[in-house]
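# Fold and contact review
Listed below are the residues making up each chain.
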Amino acid sequence: MDRHLMTFGHGSRTCIGKNISIMKMGKLVPQIIRKFEIEWASDKPEWHVETFWFAKQHGVICRLRSRDLF
Ligand code: HEM
């Protein structure tokens, strides 16, 4: 499946930040989940995604509580 990943483009003009971004996502996302309790805090039931060139998310309203306080 990795051969078909187009998130960072492909070929000679592929994203030069690809490897650092994958490394950061692999470290940052687990750390956020590890350190914080995340709770949906919007009055709407879902967020909204618009995908044209980029996939833009709107209305991702969350409350984060430090797990250190529990
Ligand atoms: C999640 C993060 C990122 C995504 C999804 C992303 C995505 C992309 C995409 C789709 C392209 C166009 C590739 C193509 O035309 O085939 C691109 C190009 C590029 N990206 Fe990223 N990128 C990310 C992070 C970064 C970071 C952190 C850097 C710099 C440290 C970076 C630097 C660049 C540069 C300089 C280009 C132009 C390359 C060229 O035209 O030769 N990107 N990126």
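For the structure, check the block above.
This write-up is about the structure you can find in this document. Owing to the predicted nature of the structure, the values given are computational and were not obtained by experimental measurement.

### Considering the overall build of the protein chain
A tally of regular secondary structure across the protein chain gives 1 helix and 4 strands. Walking the protein chain from its N terminus toward its C terminus, one meets helices and strands in the order α-β-β-β-β. Computed over the C-alpha atoms, the radius of gyration of the protein chain is 16 Å, more than 25% above the 11 Å expected from 2.2 N^0.38 for a compact globule of 70 residues. Taken over the C-alpha atoms alone, the protein chain extends approximately 50 × 30 × 20 Å along its principal axes.

### With respect to the coordination of the iron atom of the ligand
For the iron atom of the ligand, the protein supplies a single donor, Cys15 (SG), at a distance of 2.2 Å. Within the secondary structure, Cys15 is located in the segment before helix H1 (18-35).

### A closer look at the packing of aromatic side chains
For any pair of aromatic rings, the description consists of the separation of the ring centres together with the inter-plane angle of the planes. Following the criterion strictly, the structure yields 2 aromatic pairs and no others. A ring pair is formed by Trp40 and Trp47, whose centres lie 5.7 Å apart and whose planes are at 50 degrees; its orientation type is tilted. Judged by its relative accessible area of 31%, Trp40 falls in the partly exposed class. With a centroid separation of 6.5 Å and an interplanar angle of 90 degrees, the aromatic rings of Trp53 and Phe54 are classed as edge-to-face. Residue classification places Phe54 among the exposed positions, given a relative accessible area of 56%.

### Quick word on the pattern of salt bridges
A full pass over the atoms with the stated rule returns 3 salt bridges. Between Glu39 and Arg63 there is a salt bridge, with the nearest N and O atoms lying 3.5 Å from each other. Separated by 24 residues along the polypeptide, Glu39 in strand E1 (residues 36-40) and Arg63 in strand E4 (residues 62-66) bring together distant segments of the chain. Since its relative accessible area comes to 40%, Arg63 is described here as partly exposed. The partner of Glu39 in a salt bridge is Arg65, with the nearest N and O atoms 3.4 Å apart. Of the two residues, Glu39 is situated in strand E1 and Arg65 in strand E4; the sequence distance between them amounts to 26 residues. Bridged by salt links that share partners, the residues Glu39, Arg63 and Arg65 form one connected network.

Thresholds applied
Residues numbered from 1 in each chain as written. Predicted model: local features only at pLDDT ≥ 70, side-chain atom pairs only at ≥ 80, totals over all residues. Heavy atoms only, no water. Helix = DSSP H or I, 4+ residues; strand = E, 2+ residues; numbered from the N terminus. Rg over C-alpha atoms; globule rule 2.2 N^0.38 Å. Donors = N, O, S within 2.8 Å, 3.2 Å for Na, K, Ca; no water. Phe/Tyr/Trp six-rings, centres within 6.5 Å; stacked < 30°, edge-to-face > 60°. Buried < 20%, exposed > 50% of the residue type's maximum accessible area, 1.4 Å probe, protein only. Salt bridge = Lys/Arg side-chain N within 4 Å of Asp/Glu carboxyl O.

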